[in-house]
Amino acid sequence: MKQSAVALGGLALGGGGYLVSCTPATNQPIPGSLLGPSFKAGHLLRTGLTVVPTQTEEIDVAVIGGGVSGLSAARWLSKHSRARVCLLELEDQTGGNSQSGQNAVSAYPWGAHYLPLPNLANRELLQFLEEARVITGYDAAGLPLYNEYHLCFDPEDRLFINGYWQEGLVPHWSVPQPDLEQIDRFLALMEEMKQAKGADGRFAFDIPLDSSSADAQFRQLDTLTMQEWLHQQNLTSEYLRWYVEYCCLDDFGATLEQTSAWAGIHYFAGRKAQAANSDPHRVLTWPQGNHWLAERLREQTGAEIRTGALVYNLELKEGKVLIDYLNLATNQATRLVANKCILATPQFVRERLVAKISKTAPKPAAQGFSYAPWLVANLTLKKVPNGKGTPLSWDNVIYGSRSLGYVYAQQQSVQAFPEKQVITFYYPLPDTTPAARQAVFTRKREEWTELVLQELEKAHPGIRREVEQADLWVWGHGMIRPTPGFIWGQERQKAAAPLDGKIVFAHSDLSGISIFEEAFYQGIKAAQQLLPV
């Protein structure tokens, strides 16, 4: 998705080395909003509630958390049982990190914005996409046919490098030959890793991660950083290292020094899609990003969904799970008495909720779960400025920038010449020092906006004159980061262990990588642990 020091004159961003100055006095303020997960609800959860519920309901299964994992779990239960399922979500809408917004110009994402074509072995995900009519059928060879509307339209991506927009994100425009050779060698290594299998016959890198080989020769890569692995391979090109770090920031919000080498290689080697009517590297995308997928999951849950529901107490008593929650709109407190419970929340929320239960049960140490803050900005422009080279694409990245660039929210629109345009800018904040993390919650919207504009001006000088509105969202805990030792360490496995056979856990945190496929899988895995309910 992002001061260590804020002063009147500017702000130093940890990790990036960029200095953001004050907005020049000649610039007019740009209207907009600063949003984020519910601050009021988070504060109530941290400080604790002692409200006594005034009503009680009995249900079969409670699902706490309406992100992709929670929705996936509820969907699975509705398809494979007759259980009465109630899903409780803190925010006003379900979707978790896959939120979206909309203005008069376009819908746009507030978080995850695409899904790569799934591997053929991921049958559960393919079936969901069939039901969502993203997959329209299969050819004689069994390869899926994708609805062309959902496949990213051309041009798909471009990179601003050496004053020019080149096609594709792998640097090549005016890149010296020795660097090109290193880039080619790295990509060849990734192709080898994509097909590599361990002694157990499994792919070394697969999706979901649990399907990957347990062979030690591959899993030991989790003990290294991606930077260390590149050094071992004598891959020292700054162009290559920028590209690999861009990829780590894209999926993990982490730098080369913060990313497990196993996870970094998995980014390139885990996907092995095939399709009847598409190249395997293409992605599925929507104006509102992955919230479109979350809404399809919600439609298929069959559960009773209650949003604005703050769960503040969780207990095990007489073979039942007691869940107390507060309706934030009415201040009505309710107790659910459930046979089973799926806790589909991030680890830092889960630890607070199971505090009473886990006093007598072993629990993992929370410090192993590391999170990446993010800033997402949706800008409404009169027009995105032109530049030399490849025209405006779906994904637009700026070489050398700590940002991930921006996606064009109207890429899937059939309107050739829209009156205005919306772009979604992504800025990860990999500095996790206490001062930097505190600053994520204290910086003003005007300061965030200036940071965004200064990054964009590296490729689009004068773009601020085109911006009519800047709406921003700050994710304080945007996604789990696969730090060295976490993917195949003990802590992640311990965190997945059910409590007393009554409470099971579902979240992409339990995979160590925050991607749609893993959240979807963790939801199904948790639901299967409850059957029969």
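Source: prediction; values computed, not measured.

Enquirer: Could you clarify how one ought to interpret the overall build of the protein chain in this entry?
Expert: Within the protein chain, the secondary structure is distributed over 14 helices and 24 strands. Expressed as lengths along the three principal axes of its C-alpha atoms, the size of the protein chain is roughly 70 × 60 × 45 Å. Per-residue burial for the protein chain yields a buried fraction of 58% across its 533 residues. Surface exposure of the protein chain reaches about 21900 Å², of which carbon and sulfur atoms provide 51%. Across the protein chain, the centroid of the 48 positively charged side chains sits 6 Å from that of the 55 negatively charged ones.

Enquirer: Please explain the sheet that holds strand 4 (residues 34-35) as it appears in this structure.
Expert: As a general point, the strands of a sheet are linked pairwise by backbone hydrogen bonds and lie either parallel or antiparallel. Strand order in the open sheet formed by 8 strands is 4-23-19-22-21-20-12-13, with mixed pairing between adjacent strands. Edge positions in the sheet fall to strand 4 and strand 13 (164-167), since each has one partner strand and no second. Pairing analysis gives 11 bridges linking strand 19 (residues 370-381) to strand 23 (residues 467-481), with the strands arranged antiparallel. Bridge pairing in strand 23 links Val 376 to Trp 473. Sitting on the sheet, helix 7 (residues 238-252) touches strand 12 (157-161), strand 19, strand 20 (395-398), strand 22 (421-428) and strand 23, and the angle it makes with strand 23 is about 85°. Here helix 12 (residues 445-456) sits on the sheet and contacts strand 4, strand 19, strand 20, strand 21 (406-408), strand 22 and strand 23; the angle it forms with strand 23, its principal contact strand, is near 95°.

Enquirer: Looking at this structure, how should I read the nonpolar core?
Expert: Membership of the largest hydrophobic core comes to 60 residues, with the highest contact counts inside it found for Phe 186 and Trp 229. Mapped by element, the contributors of at least two residues to this core are strand 12, helix 4 (177-195), helix 6 (226-232), helix 7, helix 8 (261-269), strand 19, strand 22 and strand 23. For this core, the leading source of residues is helix 7, giving 10 residues. Contacts of Trp 229, omitting those with residues within four sequence positions, involve Phe 186, Leu 189, Met 190, Met 193, Leu 221, Leu 235, Ala 261 and Ile 265.

Enquirer: Looking at this model, I keep getting lost on the confidence of the model for the protein chain. Mind explaining?
Expert: Close reading of the predicted structure is inappropriate where its pLDDT is low. Across the protein chain, pLDDT averages 91, with 91% of residues at or above 70. For residues 1-25, every residue scores under 50 in pLDDT, and the model assigns this stretch 78 contacts once sequence neighbours within four places are set aside.

Enquirer: How do you make sense of the side chain of Thr 301 when you look at a structure like this?
Expert: The residue Thr 301 is located in the loop between helix 9 (291-299) and strand 15 (304-306) in this model. On the basis of relative accessible area, Thr 301 is assigned to the buried category, the value being 2%. If near-sequence neighbours (up to four positions away) are discounted, Thr 301 is found in contact with Leu 71, Ala 74, Arg 75 and Ser 78.

Enquirer: Please explain the packing of helix 3 (residues 123-131) against helix 14 (residues 516-530) as it appears in this structure.
Expert: Helices that pack against each other are described as a pair by the angle of their axes relative to one another and the distance between those axes. Running from amino to carboxyl end, helix 3 crosses helix 14 at an angle of 100°, the nearest separation of the two axes being 10 Å. Judged by the inter-axis angle, helix 3 sits roughly perpendicular to helix 14. Taking contact as the criterion, the partners of Glu 124, Leu 125 and Phe 128 in helix 3 are, on helix 14, Phe 516, Glu 517, Phe 520 and Ile 524. Grouping the constituent residues of the contact of helix 3 with helix 14 by class yields 5 nonpolar, no polar and 2 charged.

Enquirer: Sorry if this is basic, but what is going on with the packing of helix 7 against helix 8 here?
Expert: Remark: helix 7 packs on helix 8, axes separated minimally by 10 Å, with the N-to-C direction vectors making an angle of 90°. It follows that helix 7 is roughly perpendicular to helix 8 by the angle criterion. Where helix 7 approaches helix 8, its residues Tyr 243, Val 244, Cys 247, Cys 248, Asp 250, Asp 251 and Phe 252 are matched on the opposing element by Ala 263, Gly 264, Tyr 267 and Phe 268. Classifying every residue of the contact of helix 7 with helix 8 gives 8 nonpolar, 1 polar and 2 charged.

Enquirer: How should the packing of aromatic side chains be read in this particular structure?
Expert: Working definition: an aromatic ring pair is given by the centre-to-centre distance plus the angle between the planes. Counted under the stated rule, the structure contains 22 aromatic pairs. With a centroid separation of 6.5 Å and 25° between ring planes, the pair formed by Phe 128 and Phe 516 is classed as stacked. Placement of the pair is Phe 128 in helix 3 and Phe 516 in helix 14, with a sequence separation of 388 residues. Overall, Phe 516 belongs to the buried group, its relative accessible area being 7%. Ring geometry for Trp 262 versus Trp 488: centroids 5.3 Å apart, planes at 90°, classification edge-to-face. Taken together, the residues Trp 262 in helix 8 and Trp 488 in the loop between strand 23 and helix 13 (490-495) connect sequence positions 226 residues apart. The structure contains a cluster of three or more aromatic residues connected by ring pairs, namely Tyr 108, Trp 110, Trp 473 and Trp 475. The lysine or arginine in question, Arg 219, covers the ring of Trp 488, its NZ or CZ lying 3.6 Å from the ring centre. Taking NZ or CZ as reference, Lys 272 lies 4.6 Å from the ring centre of Phe 203, over its face.

Enquirer: What is the right way to read the pattern of salt bridges from this model?
Expert: Any two side chains of opposite charge can pair if their charged atoms end up close together. Within this structure, the stated rule accounts for 19 salt bridges. Here Arg 296 and Glu 299 are joined by a salt bridge, their closest N and O atoms 2.7 Å apart. Here Arg 296 pairs with Glu 299, and both are found in helix 9, just 3 residues apart, close to one helical turn. Its relative accessible area of 16% is what places Arg 296 among the buried residues. Among the ionic pairs, Arg 306 bridges to Glu 304, the shortest N-O distance being 2.8 Å. Each of the salt bridges in this network shares a partner with another, and the network as a whole consists of Glu 57, Arg 84, Glu 304 and Arg 306.

Enquirer: When you look at helix 14 in this model, what are you seeing that I'm missing?
Expert: Since the α-helix advances by 3.6 residues per turn, residues separated by three or four positions end up pointing in the same direction. With 15 residues, helix 14 extends 22 Å from end C-alpha to end C-alpha; this agrees with the ideal 21 Å at 1.5 Å per step. In terms of burial, helix 14 is a largely internal element, 11 of the 15 residues being buried. If you check which residues of helix 14 are buried, you get Phe 516, Glu 517, Glu 518, Ala 519, Phe 520, Gln 522, Gly 523, Ile 524, Ala 526, Ala 527 and Leu 530.

Enquirer: Would you mind going over the side chain of Ser 106 with me for this structure?
Expert: As for its position among the elements, Ser 106 is in the loop between strand 7 (100-102) and strand 8 (107-109). We classify Ser 106 as buried; its relative accessible area is 8%. With near-sequence residues (within four places) excluded, Ser 106 lies in contact with Gly 101, Pro 287, Ala 409, Gln 410 and Val 422.

What counts as what
Residues numbered from 1 in each chain as written. Predicted model: local features only at pLDDT ≥ 70, side-chain atom pairs only at ≥ 80, totals over all residues. Heavy atoms only, no water. Helix = DSSP H or I, 4+ residues; strand = E, 2+ residues; numbered from the N terminus. Buried < 20%, exposed > 50% of the residue type's maximum accessible area, 1.4 Å probe, protein only. Areas by Shrake-Rupley, 256 points an atom, 1.4 Å probe, with all protein chains shown as cover. Lys, Arg positive; Asp, Glu negative; His and termini not counted. Charge placed at Lys NZ, Arg CZ, Asp CG, Glu CD. Pairing = 2+ DSSP bridges. Contact = heavy atoms within 4.5 Å. Axes fitted to C-alpha atoms, helices over the stretch in contact; angles between N-to-C directions. Core = buried A, V, L, I, M, F, W, Y, C linked by side-chain atoms within 4.5 Å. pLDDT = per-residue confidence, 0-100. Parallel < 35°, antiparallel > 145°, perpendicular 65-115°, else oblique. Nonpolar A, V, L, I, M, F, W, Y, C, P; charged D, E, K, R; others polar. Phe/Tyr/Trp six-rings, centres within 6.5 Å; stacked < 30°, edge-to-face > 60°. Lys NZ or Arg CZ within 6 Å of the ring centre and 35° of its normal. Salt bridge = Lys/Arg side-chain N within 4 Å of Asp/Glu carboxyl O. Expected span 1.5 Å × (residues − 1).

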